[in-house]
Protein chains: 2
Amino acid sequence: MSYRQPAAAGASGNHATSGLHLRRLGIDTYQEPVAYMRSDCDICRSEGFEAHSRIELWCGERHIVATLNVVHFPMIALHEVGLSEAAWRTLGGNDGDLVRVLHPAPVQSFSSVRAKIYGHPFTSEGVAAIVCDIVAGHYSNIEMAALITACSGSHLDITETIGLTDAMVKVGQRLQWQADMVVDKHCVGGLPGNRTTLLIVPIVAACGLIIPKTSSRAITSPAGTADTMETLAPVALDIDAMRRVVEREGGCIAWGGAVSLSPADDLLIRVEHPLDLDSDGLLVASVLSKKIAAGSTHVVIDLPVGATAKVRSPQAAMALAGRLIAVGEALGITVKPVLTDGTQPVGCGIGPALEAHDVLAVLQNIAGAPQDLRERALLLAANVLELGGKAQVGQGMALAASVLDSGAAWRKFQAICEAQGGMRVPPKAGFTHPVLSQHRGQVVAIDNRRLASIAKLAGAPKAPAAGIVFHAPLGSRMEIGQPYLTIHAASPGELAYARAYAEAQENLISLQEV
Amino acid sequence: MSYRQPAAAGASGNHATSGLHLRRLGIDTYQEPVAYMRSDCDICRSEGFEAHSRIELWCGERHIVATLNVVHFPMIALHEVGLSEAAWRTLGGNDGDLVRVLHPAPVQSFSSVRAKIYGHPFTSEGVAAIVCDIVAGHYSNIEMAALITACSGSHLDITETIGLTDAMVKVGQRLQWQADMVVDKHCVGGLPGNRTTLLIVPIVAACGLIIPKTSSRAITSPAGTADTMETLAPVALDIDAMRRVVEREGGCIAWGGAVSLSPADDLLIRVEHPLDLDSDGLLVASVLSKKIAAGSTHVVIDLPVGATAKVRSPQAAMALAGRLIAVGEALGITVKPVLTDGTQPVGCGIGPALEAHDVLAVLQNIAGAPQDLRERALLLAANVLELGGKAQVGQGMALAASVLDSGAAWRKFQAICEAQGGMRVPPKAGFTHPVLSQHRGQVVAIDNRRLASIAKLAGAPKAPAAGIVFHAPLGSRMEIGQPYLTIHAASPGELAYARAYAEAQENLISLQEV
């Protein structure tokens, strides 16, 4: 007898029912699949299912594991099982389809998570089983939260990180390119407005390198590169679309989640985001699994260092750089970390559309375009060009600058946007409010984390036009009553909320008398 | 301007709506409060709320924080907010009541959880703020999961454990008794069937000591003492009811959750249970916060030690005992840990009603009553009597035995049950199945954890009659085909599931040829 006996079959053979009928309830539970069954339905009663039971639903050959919510009211019929949107998407099927409901097998791999919490390192088999179960949808949100907590801080060593990265690559698609060298770049984040990817890809592609860039959406920041790019062109490209863009233009800027490269990473994010925990191991696995799955061979990694950036000290940056190089080497790719200034936001805008406006200004060589964004992009592009053999060491900067200044990068960017589905005009927010300096003096420090919080409270990245424009770079002078940032929001409520938070903060910028 | 501006008021004053109308949806999401709002309602749109947003709902002077599920179908009306059962219970109110919907303040105390995950010990202020926020309902399930993971294994030191215990006492009620000495006992669990409390309380109370015992429901086991007692008498006593019982009978056996002693503990359980993580620190805080809040001054703690019990080695037991004594001393109570045999189940039954049958047999001095249960209860009662000054050291055992043998304990137990609301007959399961030995020999080892798993798969503790009866104590002899356990279940599906699991296991009992 099968250990996972279908409830409908009934071990004792005395069940009249042969399953329940599917019903889409239209409830968005975010990414966790939830199923709704009547407390008085045959299957709940015969199987002893209760609220928060984990159940397995089979519809034809497809199945999902879902968390059960028990319904006491006649919102659904006795013979129905309702599905949340996430469950509906994953299971497929149509309203009225017959489904079988089973007890799921215990998630065996969670014993490896428990062992890790108790202080025993992950084995490569253990972590591979965990990643498989996550991608199969077998982990509940609280199990994911326990896993992420166990991997946070410095709890993963190099060997565990290699195992995790490798496992994350293996459960997704892996792209192959008709080229011996495929370059890429990545920024570990933590620096608001640092949207150099949208400059580096066209510069590098214009020089003839292959750069099939996939980016993530925001994890704990007000905008991810995919969020920003999405205000300029479609980013949810499937593998075929991505391949067409890269074959035509040499590069693309696509959302990684849409192409199933390292799908485990995208599932982990649903819990990482609200918990807002940092982890060197998860970060390296997330970054490198995407790069390896994208078929990259040579990757430049931007590590912004600053007291309020994600990497807070040169020591921490060196440790992270070492881990990136070691894990890359173990898995067959060349990684070049580049430490950059992480003491202040890059450009003026923080939030998807506001960052897109900065990018466009640099690409178009407009007077007043943010020079810091331009300089960072050139530095990183130079490293990619040198790593990719398009420039001698020391010559990359000049090549990158010439491509940008000539307009070749701007033309390439437009061509990429068109190839991805058509260029768009980034939206503008309906509601803005300037936040005024209470003091005068020279700006000597900036709290990036709280600036990011304001942008998030204003609605970024969910509202693409929301965020802040920052007017007070390090070294600039402020007068009393002068605006040092402007909040942009898509709704009055969010504007008020971000404004109240901003105005309640002390020392978002630190001023020194001059 | 308030940082937590009510959405209904609207910062810009241009909202026509003044809130949403409550509607009970009858959806049981277990303990997490969930609210349901239409994606196209004014407040979702103006406030930027999305699926999985945390929102604050105010109904008159009462409020809750809930997780938002966004509804795309007309299951609820545009002007309505639906509530899950947990949210409905906590908020109070009636269908149609007007509620205001706000952005909740960020949960500041979670930064202490993050710091702990990164390796910084909890401060007493930090942990107090966490416990307050948990009791206020501000922690989501995944935040609770991160907290529990951070506290698991040996991650809490003595000082942190003292801080956590103290904080858990302070957020709940604390009972006062008209007595200088109030005794108590507790078992750290991990040993199926170890239901000595139902024997110790009547023995000790019959000797004139005050023992206002509160017990928990099952955390990771097939039955908690409260689950077992509930098959014999009501256990959900409020403080006044508990006081009346103890004033009349000297003792009670009540469910701790109903009297709001250490309410944080009951909230933590909702996530601890499915994660099934062990933690010395959480265990000590859970046990001692209940005892201190119950007004106990002298507490005997049963630590069963065995390879498959919760405490696996004498070394681990000594460490736990030391922590219990130290935390008790710091918080003003005398704790006496007693190490006991944890190598096999106690009694024959595992599961609420099956354990109750064992207890009744011992109380009634029935021939064939489980002697191991009787001996354990007498040993622990003896320690309580000696600690409470009712017997000289070394004389407690004789006193306890005389009270049990004379029928005084049985009369006291019946009186306690009547005082708690009336004695009940424990239910019997409708479906049973014997599991047969495949080998012959003498029983030399028993896997308590997997026995507990079978009882849980059979439906315990949710189905009170479910569980197993175990027929093969250490040292007994088994023939091929002889039943070594019998599964009891309330449904054929659960019976089949537990049976399939049991029959798939190797070495649930280890036999040696004789």
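Keep in mind that this is a model prediction, so the values were computed, not measured. (Residues numbered from 1 in each chain as written. Chains lettered and ligands numbered in written order. Predicted model: local features only at pLDDT ≥ 70, side-chain atom pairs only at ≥ 80, totals over all residues. Heavy atoms only, no water.)

**Focus: the domain arrangement of chain A**
Residue and element names in this part refer to chain A.
Reasoning step 1: Assigned domains within chain A: domain 1 (20-102), domain 2 (183-256 + 282-419) and domain 3 (431-512).
Reasoning step 2: Averaged C-alpha coordinates put domain 2 and domain 3 at centres separated by 26 Å.
Reasoning step 3: On the domain 3 side, the residues contacting the 25 residues of domain 2 number 20 residues.
Reasoning step 4: Looking at the side of domain 2 facing domain 3, the largest losses of area belong to P222, T308 and L354, adding up to 31% of the total buried there.
Reasoning step 5: Among the elements of the structure, β13 (349-350) and α13 (352-363) are those that each provide at least two residues to the side of domain 2 that touches domain 3.
Reasoning step 6: Take the side of domain 2 that touches domain 3: its biggest share by element is three residues, from α13.
Reasoning step 7: Partitioning the side of domain 2 that touches domain 3 into residue classes produces twelve nonpolar, ten polar and three charged. (Domains from an automatic or database assignment. Contact = heavy atoms within 4.5 Å. Buried area = accessible area lost by both parts, 1.4 Å probe. Helix = DSSP H or I, 4+ residues; strand = E, 2+ residues; numbered from the N terminus. Nonpolar A, V, L, I, M, F, W, Y, C, P; charged D, E, K, R; others polar.)

**Section: unusual backbone geometry**
Reasoning step 1: The omega angle of the peptide bond from A460 of chain A to P461 of chain A is 0°, so this bond is cis rather than trans.
Reasoning step 2: Summarising the element assignment, P461 of chain A is placed in the loop between α17 (448-457) and β16 (467-470).
Reasoning step 3: Non-glycine residue S262 of chain A carries a positive phi angle of around 50°.
Reasoning step 4: Along the chain, S262 of chain A falls in the loop between β10 (251-255) and α10 (263-275).
Reasoning step 5: For S262 of chain A, a relative accessible area of 0% puts it in the buried group.
Reasoning step 6: Of note in the backbone geometry, H52 of chain B takes a positive phi value of approximately 80° without being a glycine.
Reasoning step 7: Considering the arrangement of structural elements, one finds H52 of chain B in the loop between α1 (42-47) and β3 (54-59). (Buried < 20%, exposed > 50% of the residue type's maximum accessible area, 1.4 Å probe, protein only.)

**What to know about the sheet that holds strand β16 (residues 477-478) of chain B**
Reasoning step 1: Taken together, the three strands give an open sheet; going across it, the order is β16-β14-β18 (chain B), and neighbouring strands pair in antiparallel fashion. The sheet is open, and its two borders are formed by β16 and β18 (509-512) of chain B, each paired with just one other strand. (Pairing = 2+ DSSP bridges.)

**Concerning the packing of helix α7 (residues 197-206) of chain B against helix α14 (residues 371-387) of chain B**
All names here are of chain B.
Reasoning step 1: As a packed pair, α7 and α14 sit with axes 9 Å apart at the nearest point and diverge in direction by 40°. When the axes of α7 and α14 are compared, the pair comes out oblique. As α7 runs across α14, the sense of the crossing is right-handed. The segment α7 lies against α14, with L199, I200, I203 and V204 engaging L373, A377, L378, L380, A381, V384 and L385.
Reasoning step 2: Looking at the contact of α7 with α14 residue by residue, the classes come out as eleven nonpolar, no polar and no charged. (Axes fitted to C-alpha atoms, helices over the stretch in contact; angles between N-to-C directions. Parallel < 35°, antiparallel > 145°, perpendicular 65-115°, else oblique. Left-handed = near helix turned anticlockwise from the far one by under 90°.)

**Thoughts on the side chain of D302 of chain A**
Residues and elements named next belong to chain A.
Reasoning step 1: Counting through the fold element by element, D302 comes out in strand β11 (residues 298-305).
Reasoning step 2: Using a relative accessible area of 0% as the deciding quantity, one classes D302 as buried.
Reasoning step 3: Here the side chain of D302 touches N194 through a polar contact of 3.2 Å, side chain to side chain.
Reasoning step 4: When neighbours within four sequence positions are excluded, D302 is seen to be in contact with H186, C187, V188, N194, V338, T340, R376 and L380. (Polar contact = N/O pair within 3.5 Å; in protein donor to acceptor, adjacent residues only side chain to side chain.)

**Side note on the relation of the copies chain A and chain B**
Reasoning step 1: With an axial shift of 0.1 Å and an RMSD of 0.1 Å, the rotation relating chain A to chain B amounts to 180°. Both copies of the chain, as the preceding transformation shows, are related through a two-fold rotation axis.
Reasoning step 2: Most of the interface of chain A is mirrored in chain B: 100% of its interface residues are interface residues there too. (Least-squares fit on C-alpha atoms with pLDDT ≥ 70 in both.)

**Considering the layout of surface pockets**
Reasoning step 1: Volume-wise, the second largest pocket comes out at about 610 Å³.
Reasoning step 2: Together, 29 residues line the second largest pocket, and G153, S154, D278 and S279 of chain A together with Y118 of chain B are the ones closest to its centre.
Reasoning step 3: For the lining of the second largest pocket, the elements supplying multiple residues, two or more each, are α3 (110-117), α5 (141-151), α11 (280-293) and α12 (314-330) of chain A together with α3 (110-117) and α5 (141-150) of chain B.
Reasoning step 4: Across the lining of the second largest pocket, the residue classes break down as ten nonpolar, ten polar and nine charged. (1 Å grid on protein atoms, 1.4 Å probe; cavity = no way out; pocket = protein on both sides within 12 Å on 5 of 7 lines; lining within 4 Å. Points joined across faces, edges and corners; volume = space filled by probe spheres on them.)

**Looking at helix α18 (residues 492-504) of chain B**
All names here are of chain B.
Reasoning step 1: For α18, with 13 residues, the first-to-last C-alpha span of 18 Å sits near the 18 Å given by 1.5 Å per residue.
Reasoning step 2: Most of α18 sits out of view: ten of its 13 residues are buried.
Reasoning step 3: Looking at α18, one finds that the buried residues are P492, G493, E494, L495, A496, Y497, A498, A500, Y501 and A502. (Expected span 1.5 Å × (residues − 1).)

**Looking at the environment of A429 of chain A**
All names here are of chain A.
Reasoning step 1: On the secondary structure map, A429 appears in the loop between α16 (408-419) and β14 (431-436).
Reasoning step 2: Spatially, the C-alpha atom of A429 lies 8.9 Å from that of A353, the residues being 76 residues apart in sequence.
Reasoning step 3: Beyond its immediate stretch of four places on either side in the chain, A429 contacts A465, H488 and A489.

**Some thoughts on the pattern of salt bridges**
Think of it this way: side chains of opposite charge can pair up when their charged atoms draw near.
All names here are of chain A.
Reasoning step 1: For the structure on display, the rule yields 38 salt bridges over all chains.
Reasoning step 2: Where R450 meets D447, a salt bridge forms, and the shortest distance between an N and an O atom there is 2.7 Å.
Reasoning step 3: For D447, a relative accessible area of 15% translates into the label buried.
Reasoning step 4: Taken together, the shared-partner salt bridges connect R217, D227 and E230 into one network. (Salt bridge = Lys/Arg side-chain N within 4 Å of Asp/Glu carboxyl O.)

**A few points about the environment of Q438 of chain A**
Reasoning step 1: With respect to the element layout, Q438 of chain A can be found in the loop between β14 and β15 (441-446).
Reasoning step 2: Separated by 44 residues in the primary sequence, Q438 of chain A and Q482 of chain A place their C-alpha atoms 8.3 Å from one another.

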